[in-house]
Amino acid sequence: MNVLVTGAAGFIGSHLSRRLLREGAHVIAVDSFTDFYPRWIKERNLSPFAGDPNFEFFSQDLLDFNLEEILARVDVVYHLAAQAGVRSSWGENFSVYIQNNILSTQRLLEAAKGKPLHRLIYASSSSVYGLTPTLPMSETSLLYPLSPYGVTKLAAEQLCLLYFQSYAVPTVALRFFTVYGPGQRPDMAFHKFFRAIAEGRPISVFGDGEQTRDFTHIDDIVEASFSASRRGRPGEVYNVGGGHRERLNDLLPILEETCGKKLEVIREERQKGDVAHTFADIGKAALDLGYSPRTILKDGLREEWEWIKTLYRA
Ligand code: NAD
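Here the structure is a predicted model, which means the values were calculated and not measured.

Q: An account of the packing of aromatic side chains is requested, with residue identities and associated values reported.
A: Evaluated as defined, the whole model comprises 14 aromatic pairs. Here W40 and Y312 contribute two aromatic rings whose centre-to-centre distance is 6.5 Å and whose plane-to-plane angle is 85°, an arrangement assigned as edge-to-face. Of this pair, W40 sits in helix α2 (residues 39-46) while Y312 sits in helix α10 (residues 297-313), placing them 272 residues apart in sequence. Assessed through its relative accessible area of 39%, W40 is described here as partly exposed.

Q: Pulling in residues and values, what's your account of the sheet that holds strand β5 (residues 119-125)?
A: Read from one edge to the other, the open sheet built from seven strands follows the order β3-β2-β1-β4-β5-β6-β11, with strand pairing classed as parallel. The open sheet has two edge strands with one neighbour each: β3 (55-58) and β11 (236-240). Pairwise comparison of adjacent strand axes, ignoring direction, gives a mean angle of 20° for this sheet. Those strands touched by helix α7 (residues 218-231) are β4 (76-79), β5, β6 (171-176) and β11, and its axis lies near 145° from that of β5.

Q: Please set out the packing of helix α6 (residues 189-198) against α10 residue by residue, giving values where relevant.
A: At a minimum axis distance of 10 Å, the contact between α6 and α10 shows a crossing angle of 55°. Between α6 and α10, the crossing angle belongs to the class labelled oblique. Where α6 crosses over α10, the handedness of that crossing is right-handed. Judged by residue contacts, F190, H191, F194, R195, I197 and A198 of α6 engage L297, L301, E304, W305, W307, I308, L311 and Y312 from α10. Residues of the contact of α6 with α10, tallied by class, amount to 11 nonpolar, one polar and two charged.

Q: Could you give me a rundown of helix α5 (residues 148-167), with the residues and numbers involved?
A: Over its 20 residues, α5 runs 28 Å from end to end, which matches the ideal 28 Å to within 8%, given 1.5 Å per residue. Within α5 the residues assigned to the buried category are P148, Y149, G150, T152, K153, L154, A156, E157, L159, C160, L161 and Y163. Buried positions along α5 lie against α4 (94-112), β5, β6 and β11. Directly beyond the C-terminal end of α5, a positive phi value near 60° is found at A168.

Q: Just give me the short version of the pairing of β11, but keep the residues and values in it.
A: Across the five residues that make up β11, a large majority, four, are buried. Two elements, β6 and β11, share five bridges in a ladder whose sense is parallel. Paired with V172 across the two strands is E236, which belongs to β11.

The rules we used
- Residues numbered from 1 in each chain as written.
- Predicted model: local features only at pLDDT ≥ 70, side-chain atom pairs only at ≥ 80, totals over all residues.
- Heavy atoms only, no water.
- Phe/Tyr/Trp six-rings, centres within 6.5 Å; stacked < 30°, edge-to-face > 60°.
- Helix = DSSP H or I, 4+ residues; strand = E, 2+ residues; numbered from the N terminus.
- Buried < 20%, exposed > 50% of the residue type's maximum accessible area, 1.4 Å probe, protein only.
- Pairing = 2+ DSSP bridges.
- Axes fitted to C-alpha atoms, helices over the stretch in contact; angles between N-to-C directions.
- Contact = heavy atoms within 4.5 Å.
- Parallel < 35°, antiparallel > 145°, perpendicular 65-115°, else oblique.
- Left-handed = near helix turned anticlockwise from the far one by under 90°.
- Nonpolar A, V, L, I, M, F, W, Y, C, P; charged D, E, K, R; others polar.
- Expected span 1.5 Å × (residues − 1).

This is the structure in structure tokens:
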């Protein structure tokens, strides 16, 4: 099986690539090394694949990439490339989000028209729900993004559905809920917390800490993505969450226990774009994809803490 992974040098893309190689796939990978976080971290993500004849890497922007030629020789596309991050999506920076989240997806979908693809999996986000009043959030809930990032992820998701309806491109959108574990992006909370703890600095908590999040371990995300490429119904959207939600204030003692250190916490003002709660209804993914999240938060946090220590020692 030949697959294309966009955003392969990133957090989720590199984990997914490892899994696909293990399944015996030939992985065509593309990443433009955007400067959202340091390039050395992305190169480190890719280092296990060096010299693997089944891993073909292109250091290119999706907006210039020869997609016509590549899509003619792949069975499945995992489209993960994007400009992530809620807080940095306001202001002038929005144009980067339009380019990397909307235009690049539209270009990919155009090139996918008429190609013999089995599935095109799009990495959507819980941020499309934003202020939706229903918890848990189900695929039929009202969509009300609270950040420009969420707006671009929703626009690209809608494009996927449109290209399925109009051109039968077999798109499946997965709405990932806060992903964590080894490799997590440096702008994400656990990464920032663990790094600060490792360096003996206080951690910053935005808002009153009563916000809740549905955290999903990276292994569960990879499993859902792989399964969606086989069992996902084209034209459908699935939530991929961890199956429970945690209050940030309740997590602080768990972080202390994980690191074996007392935390110094600085309370800061709530950030624009941060939603109060996320919680996924994963019933549809369970039914269609056989999805069942396996990793317990405490175990996943311990793994991430061990990884952070090696990352910054390196
Ligand atoms: P990441 O930033 O680690 O990976 C994204 C990669 O895409 C980066 O390496 C970047 O260089 C690359 N990229 C961006 N624009 C590109 C372009 N135009 N051409 C080629 N490469 C480009 O992010 P991640 O956390 O691995 O997220 C992967 C996907 O999952 C994204 O689409 C993100 O929106 C989605 N998602 C992530 C989370 C999460 O908690 N990590 C939650 C919901 C959705």
